[in-house]
Amino acid sequence: MRLKFYGTRGSIPVCDSGFQQFGGNTTCLQITFTDTNRVAIIDAGTGIRNLGRDLRAMGHKQDQIFIAFTHFHWDHIQGFPFFPQAYDPGQKITLLTLSREQTVTDLREIFEVQMQEEYFPVQLDRMGATFEFLQVAEASRHFTTINNVPTVVSTQRHNHPGGAYSFRIERNGKVLVVCTDVEHGDQIDQRLVELARGADLLVHDAQYTAEELQKRRGWGHSSFDQAMQVAEMAGVKRLALTHHDPEHDDEFLQRMENLCRERFPDVVLAREGMEIQL
Ligand SMILES: [Zn+2]
Ligand SMILES: [Zn+2]
């Protein structure tokens, strides 16, 4: 598996200079299954626009593209109307939730509403691509049949306003865990530690410093310290911190990365365009 960060910013895109080294686009991750050369996408923040352009530039053709959603806050769906492949009549796009505990009842409606004419000029049914909306309870079974390679996908609902989901993807002996938009509370969420157990790479929310987190209780995010704590408790090999706060500029994030490395040597702060091979 190979992971590429197309969006690392939390909450809202940031265009200002001094922020572009870590990136201004909101959450979007591309997973490439290198054995089959198929890609899957997690979240459609504004980074999905560049993801789509890159796929085109590479001549990557895939009859069906999957986009799985951690949740549907703006910063995780805002790029969807600008995903070039969504305008291709020959393209099938499957949007999906993965969890038995999912509380979203009508997935199509979320995107229809986002693109109703009061908000956007082109409506969902006029975009061009063929859309499929799937709410999958047993993710593992689903992906195994699609890719023909045993792929185990586990999910965990975690604390975030409106609910959000962490994913664990195991394939060919490698484990990727994505855990963003999570607020642990006073204790680290033990269920997430179990989900991340032994991962080769954990991608974790680190929007705030410990001090900032005190003032942002109930906003649904983690501190740098908490992310490292999860990584330590779960014994993960590498840690990538993401969902950077829109107020944190490059200089600040670079300083935080240096500090984090003193505690957890194999940690990076995710940068837009960064690729990690598992
Ligand atoms: Zn978010
Ligand atoms: Zn959120």
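Relevant structure appears above.
Heads up: these notes are all about the structure in this document. Note that the structure is predicted; figures quoted are calculated from it, not measured.

Take the overall build of the protein chain next. Secondary structure assignment for the protein chain yields 8 helices and 13 strands. Its C-alpha radius of gyration of 18 Å places the protein chain within 12% of the 19 Å reference for a compact globule of 278 residues. Along the longest, intermediate and shortest principal axes, the C-alpha atoms of the protein chain span 50 × 40 × 35 Å. Going through the 278 residues of the protein chain one by one, you find that 59% of them count as buried. Sequence-distant contacts, at least 24 apart, represent 68% of the contacts inside the protein chain between residues at least 6 apart. Summed over all atoms, the accessible surface of the protein chain reaches about 12000 Å², with 49% contributed by carbon and sulfur.

Moving on: the environment of Phe 82. One can find Phe 82 in the loop between α2 (74–77) and β5 (92–98). What makes Phe 82 partly exposed here is its relative accessible area of 46%. Sequence-wise, Phe 82 and Ala 44 are 38 residues apart; in three dimensions their C-alpha atoms are separated by 9.4 Å. Discounting residues that sit within four places of it in the chain, Phe 82 has contacts with Arg 49 and Phe 120.

Moving on, we come to the pairing of strand β10 (residues 201–205). Counting buried positions along β10 yields 5 of 5 residues, so the element is predominantly enclosed. Relative to β10, strand β9 (residues 174–179) runs parallel, the two sharing 4 bridges. Residue pairing across strands places Val 177 opposite Leu 202, the latter belonging to β10. In this view, the connection linking β9 to its parallel neighbour β10 by way of helix α5 (residues 190–196) has right-handed handedness. Here β10 runs beside strand β11 (residues 238–242); their pairing, made up of 5 bridges, is parallel. Residue pairing for β11: Val 203 is matched across the bridge by Ala 240.

Evaluation of the coordinates by the stated rule reveals 8 aromatic pairs. Ring centres of Phe 69 and Phe 111 lie 5.2 Å apart, and the angle between their planes is 50°; this geometry places the pair in the tilted category. With Phe 69 in the loop between β4 (64–68) and α2 and Phe 111 in helix α3 (residues 107–114), this pair connects stretches of sequence that are 42 residues apart. Judged by relative accessible area, which is 0%, Phe 111 ranks as buried. Among the aromatic residues, those joined into a ring-pair cluster are Phe 69, Phe 72, Phe 80, Phe 111, Phe 131 and Phe 133. For the cation-ring pair, Arg 216 lies above Trp 219, with the distance from its terminal atom to the ring centre recorded as 4.6 Å.

Read across the open sheet, the 6 strands follow the order β7-β8-β9-β10-β11-β12; overall the sheet is mixed. Each edge of the sheet is formed by a strand with only one pairing partner; in this case those strands are β7 (151–158) and β12 (267–269). In this sheet, adjacent strand axes meet at a mean angle of 15° when their direction is disregarded. Note that β7 and strand β8 (residues 164–171) share 8 bridges and pair antiparallel. Across the sheet, residue Gln 156 finds its bridge partner in β8, namely Ser 166.

Looking at the zinc ion (ligand 2), the protein donor atoms are His 71 (NE2), His 73 (ND1), His 160 (NE2) and Asp 181 (OD), and they sit 2.1 to 2.5 Å from it. Coordination at the zinc ion (ligand 2) is irregular, judged from the 4 donor atoms that bind it and the angles of 87 to 173° they form at the metal. Separation of the zinc ion (ligand 2) from the zinc ion (ligand 1) amounts to 3.5 Å, with Asp 181 serving as a shared donor to the pair. Since its relative accessible area comes to 31%, His 73 is described here as partly exposed.

This part takes up the coordination of the zinc ion (ligand 1). Ligation of the zinc ion (ligand 1) by protein atoms is provided by Asp 75 (OD), His 76 (NE2), Asp 181 (OD) and His 243 (NE2), these donors lying 2.1 to 2.2 Å from the ion. Coordination at the zinc ion (ligand 1) is irregular, judged from the 4 donor atoms that bind it and the angles of 90 to 165° they form at the metal. Positions of the donor residues of the zinc ion (ligand 1) along the chain correspond to the pattern D-H-x104-D-x61-H.

Scoring rules and cut-offs
- Residues numbered from 1 in each chain as written.
- Chains lettered and ligands numbered in written order.
- Predicted model: local features only at pLDDT ≥ 70, side-chain atom pairs only at ≥ 80, totals over all residues.
- Heavy atoms only, no water.
- Helix = DSSP H or I, 4+ residues; strand = E, 2+ residues; numbered from the N terminus.
- Rg over C-alpha atoms; globule rule 2.2 N^0.38 Å.
- Buried < 20%, exposed > 50% of the residue type's maximum accessible area, 1.4 Å probe, protein only.
- Contact = heavy atoms within 4.5 Å.
- Areas by Shrake-Rupley, 256 points an atom, 1.4 Å probe, with all protein chains shown as cover.
- Pairing = 2+ DSSP bridges.
- Right-handed = clockwise from strand over helix to strand, strands pointing away.
- Phe/Tyr/Trp six-rings, centres within 6.5 Å; stacked < 30°, edge-to-face > 60°.
- Lys NZ or Arg CZ within 6 Å of the ring centre and 35° of its normal.
- Axes fitted to C-alpha atoms, helices over the stretch in contact; angles between N-to-C directions.
- Donors = N, O, S within 2.8 Å, 3.2 Å for Na, K, Ca; no water.
- Tetrahedral: all angles 85-135°; square planar, octahedral: opposite > 155°, others 65-115°.

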